[in-house]
Every structure is written in C-alpha cells, then in structure tokens.
Amino acid sequence: MNFALILFLLLVATGVLWLIDRLFARKRRSPGAQSPWWVEYGASFFPVILIVFGLRSFLVEPFKIPSGSMIPTLLVGDFILVNKWVYGIRLPVINKKVVEVENPKRGDVMVFRYPADPSLDYIKRVVGLPGDKVEYLNKRLRINGQPVDMQAQGDYLHPDRLYYSPRLSEKLGDVEHSVLIERDAPSFVPHVLDFPYRENCTYTTAGVSCVVPANHYFVMGDNRDASSDSRVWGFVPDANIVGRAFFIWFNFSDMKRIGGFH
C-alpha cells in the first residue's frame, strides 16, 4: 500500500471540498444554515491533512523496523524517524529530487525503496559510495583496498532467542557502530539475484567484491549474516533514496531504547 499516494489523494479531495466551501457553498447558504456534512468534514480535515502531508513529505517520516537485519543498532519493533530533506528535497509520491542538499555518507543508516520492488521500504547502512570498490571477503570489509577497522566487543545476547553472537565495533567514515558476525555462517553469498550492474560484482566462495556505479550506493545490514542487502540484490540508485534514519521515538517492549543512534 502506497501511503504517500493515499495521503496525496486525500489531500486533493479535502482541498477541493475546502475550496468549494470557501468560494461557492458559503455564499449560497442562508445565514445560520449548516454546511452539508460532506463539505463540513472535508473542509475541516483539509488543514490537518495538509500539515501531515507536508511534514511527512519534506521533513520527517516515521517507520517501524520489521526485521532483525540491523541488529544490534535497530531492533524489531523500534519506531524510528527519518530525515527526509538531508539528502535533497524530493517531490512527494514520485520521489524525484528537485533540490540538492547533501549526499549519503559512509556509515549513514539510510531508508530507501527496495530496488527489486520499489513499493517496499528497506533500511540498511551505507557502506560504499559511487566509484568505491567494496570487498566483503571472509567476513572482513575492505573499501578501496583498505581494511575497515574492527575491534571485538564481546558477545551480544539476542533477547528474543536467548543465544549469543560475536559483536564487533566497526568504523565507517566518522561513524563507529556495532555489527554482528556469526562464526558458523558461510562466507559466500547465497541466493544472489540478477540486478542492474551485476557485472560490477565478482562472487567467490570467500564472498563478494563490487565496484559501485555512478549515482548508486552499496548498503549492508549490521547483522551481517542475517541481512539481505547489496550483496544479494545489488546497488541502491539515488532515485530510490527516502532519507536518513536518526532517532528511535518508541519501542513497546523497551522504553529505554528511545533516543538517537549511529
């Protein structure tokens, strides 16, 4: 369901009713007469929908985390806010960029339209920028030939499954964050899809090496062995970007999770 399209259609419908009421209906009603219910409700909802539409389209948009691909940074059930303007102002519904602001940086947690099915929103961490050579071999990340610094942080306890995963600190750009890597999971990438610029990637039993094409990004989940990401379905086009996630505003299971994150 395209909520942005539904909200836009509601905005247009209530806006038309609001204009009819202001320009025609009020002048024709006798003094003291009530507006028809459909005019009254439509005109009264229009300002509310306009504010919601404006905030959601250009400033911030709420999302709920549906999967564990970003554990330990984001957990299933986290409600997050996404900055919509930081990567450029885009037209609602069609998502076409009309004003440049800044480009995604390595380490950003980015929400985007899933390239294989743009009706779905995905969230991953930006690892590779346009022109970068990204290698993920034997579960070690290298960017442009340089290994990304990683330090052991002990084990992470999954509260819902009661098992431990090795937790490491990783630094991408200026952002230091945690990732999980399973010792027993294979290094090769299973179930690779066919995707645009597939020829930019080389797959081996050790993992994958890709050169990121222009106007595209290579993204990965922090839960490295439980994430379907650019290793599987390819690069994220700039046209698919929604915004940068920056704040957890609610979690029904753990109120202490409310706050910013990296």
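Here, every reference points to the structure presented above.
Right, let's walk through the structure included here. Everything numeric here is computed off the predicted structure, so don't read it as measured data.

### Overview of the pairing of strand β12 (residues 175-180)
- The buried fraction of β12 amounts to 5 of the 6 residues, a majority that puts the element mostly inside the structure.
- Judged from the 6 bridges that link them, strand β11 (residues 163-172) and β12 form a sheet pairing that is antiparallel. The residue of β12 that forms the bridge with Lys171 is Glu176.

### Some thoughts on the sheet that holds β11
- Read from one edge of the open sheet, 3 strands run β10-β11-β12, paired in antiparallel fashion. Single-partner strands in this sheet number two, and they are β10 (150-158) and β12. Between one strand axis and the next, the sheet turns by 30° as a mean value, whatever way the strands run.

### A word on the pattern of salt bridges
- Per the stated rule, a full pass over the model turns up 16 salt bridges.
- In this structure, Glu100 engages Lys97 in a salt bridge whose closest nitrogen and oxygen atoms are separated by 3.4 Å.
- What makes Glu100 exposed here is its relative accessible area of 58%.
- Two residues, Arg244 and Asp108, come together in a salt bridge whose shortest N-O distance is 3.9 Å. Taken together, the residues span a long stretch of sequence, with Arg244 in strand β17 (residues 241-250) and Asp108 in the loop between β4 (97-99) and β5 (109-113) at a distance of 136 residues.
- Assessed through its relative accessible area of 23%, Arg244 is described here as partly exposed.
- Within the structure, one salt-bridge network assembled from shared partners comprises Arg90, Lys97, Glu100 and Asp238.

Calculation notes
- Every chain is numbered independently, its residues counted from 1 as its sequence is written.
- Only residues with pLDDT of at least 70 get local features here, since the model is predicted, and only at 80 or more are side-chain atom pairs given and counted; chain-wide, interface and lining totals rely on the full set of residues.
- Excluded from the side-chain calculations are hydrogens and water; all other atoms, namely the structure's heavy atoms, are used.
- Three exposure classes are used, based on accessible area relative to the maximum for each residue type with a 1.4 Å probe and protein chains only: buried under 20%, partly exposed in between, and exposed over 50%.
- Strands here mean DSSP runs of E at least two residues long; helices mean DSSP runs of H or I at least four residues long; both are numbered from the N terminus.
- Pairing between strands requires that DSSP locate at least two bridges from one strand to the other.
- Here the axes come from fitting lines to C-alpha atoms, over the contacting stretch only for helices, and the angles between their N-to-C directions go from 0 to 180 degrees.
- Salt bridge, as applied in this entry: a Lys or Arg side-chain nitrogen positioned within 4 Å of an Asp or Glu carboxyl oxygen.

Purely spatial values, then, with no claim about function.
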